[in-house]
Amino acid sequence: MAKEPALAEAARLLSQAASSLINQSSQPSTSRSTESSAITNQPETNNRPARARDEFRRLFAPYNQANASTSRPIPLNGNIPQRRASTNHHAKAPKRRKSVKEISIKFFCLASTTQLDVPNNDEKQQLLVAGLGEKKVTLQADSTSSDVVAALKETYPKLTDGGGYEFMYAKASSRQLSVIDEGENGYTIEFLKQFVGQGRVYIRPIQCDLD
C-alpha cells in the first residue's frame, strides 16, 4: 500500500516534465531575417534538450538522493563481490576401519612318516637345517583351511613332496604325538589355535619322508 502514493507522485512529476517539454517546443521561433540572426538563434535551439534534461533532473532529484542513500556501492571494475562459501573446520574425520584380528601359531614340520614322539634337541637341529622344524605362521582370524594349506606350503616347500600330511599335537607333560581330528569347517587357523592354545601344531607327512 505504501507504494501507491510514490507511484502517483512519480506520475505527476513525469506529467510536469512532459508538459514543460511540450511548452518549450511549441514556442514560436523568431524569423530568420538575416544570416547573422539565424546564427545567433542556433545555440538557443540546440540548448532545448539540455534544458529539458536539467528540468527532468531537478524534478526527480529527491528520488535520486533517496535511492543513492539506500543502494549498495558497486565496485569500479563492475564485479559484484560474492560471499565465500563457509567451510566447516569441525567436520568429523572418517572413522578408521577396524583391522582384522590376526592369529599366530607355532608349527613344527616333521620329516618322517612314522614319527610318534616329539623330536629331541638333536633331531630339532637336523630338521632346522633341512628347512623343516619349528616356524611361526600368522594368518587372519577369518582365514579358511585353504588359506592354511597355502601358507604351510609357502613356509615348508618340501610338504608338496610328502603325498599329504596330518596335524598332530602333544598332550601336556607328554612327548607322545596324537592326531588332531578335523574341525567342522576344516583345519582353519582359528580352529587350530583353539585346539592347541599356546602349544605347537606338528605336521607329519603321510606317504613320503621329507629329505
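Residues numbered from 1 in each chain as written. Predicted model: local features only at pLDDT ≥ 70, side-chain atom pairs only at ≥ 80, totals over all residues. Heavy atoms only, no water.

## Focus: the pairing of strand β1 (residues 102-109)
Thought 1: Inspection of the sheet shows β1 paired to strand β2 (residues 133-140) by 8 bridges, in the antiparallel sense. Looking across to β2, one finds that Ile105 is bridged to Val137.
Thought 2: In terms of strand pairing, β1 meets strand β5 (residues 200-205) through 4 bridges, oriented parallel. Its bridge partner lying in β5, Cys109 is registered against Ile203. (Pairing = 2+ DSSP bridges. Helix = DSSP H or I, 4+ residues; strand = E, 2+ residues; numbered from the N terminus.)

## Some words on the confidence of the model for the protein
Thought 1: Counting all residues, the mean pLDDT for the protein is 77, and 57% of those residues have values of 70 or more.
Thought 2: Ranking the elements of the protein by mean pLDDT puts helix α2 (residues 35-46) last with 47 and β5 first with 95.
Thought 3: Within the model, pLDDT remains below 50 along residues 29-43, and this stretch shows 4 contacts once partners closer than five positions in the same chain are excluded. (pLDDT = per-residue confidence, 0-100. Contact = heavy atoms within 4.5 Å.)

## Section: the pattern of salt bridges
Thought 1: Scanning all chains against the criterion turns up 2 salt bridges.
Thought 2: In this structure, the salt-bridge partner of Arg204 is Glu166, at a minimum N-O distance of 2.5 Å. Placement of the pair is Arg204 in strand β5 and Glu166 in strand β3 (residues 165-170), with a sequence separation of 38 residues.
Thought 3: When its relative accessible area of 10% is taken as the criterion, Arg204 is described as buried. (Salt bridge = Lys/Arg side-chain N within 4 Å of Asp/Glu carboxyl O. Buried < 20%, exposed > 50% of the residue type's maximum accessible area, 1.4 Å probe, protein only.)

## Concerning unusual backbone geometry
Thought 1: Backbone geometry at Ser173 places phi at a positive 60°, although glycine is not the residue there.
Thought 2: When you line up the elements, Ser173 lands in the loop between β3 and β4 (177-179).
Thought 3: By relative accessible area, Ser173 is classed as exposed at 86%.

## Some thoughts on the sheet that holds β4
Thought 1: Strand order in the open sheet made by the 5 strands is β2-β1-β5-β3-β4, with mixed pairing throughout. Looking along the sheet, the strands with just one partner apiece sit at the ends: β2 and β4. Strand-to-strand twist of the sheet, defined as the mean angle between neighbouring strand axes without regard to direction, takes the value 40°. (Axes fitted to C-alpha atoms, helices over the stretch in contact; angles between N-to-C directions.)

## What about the environment of Glu182?
Thought 1: Assignment of secondary structure puts Glu182 in the loop between β4 and α7 (189-196).
Thought 2: With relative accessibility at 55%, the residue Glu182 sits in the exposed group.
Thought 3: Between the C-alpha atoms of Glu182 and Glu166, which are 16 residues apart in sequence, the distance is 9.7 Å.

## Observations concerning the side chain of Thr188
Thought 1: The topology assignment puts Thr188 in the loop between β4 and α7.
Thought 2: By relative accessible area, which is 13% here, Thr188 ends up buried.
Thought 3: Other than its neighbours up to four places away in sequence, Thr188 contacts Ser143, Thr144, Ser145 and Val148.

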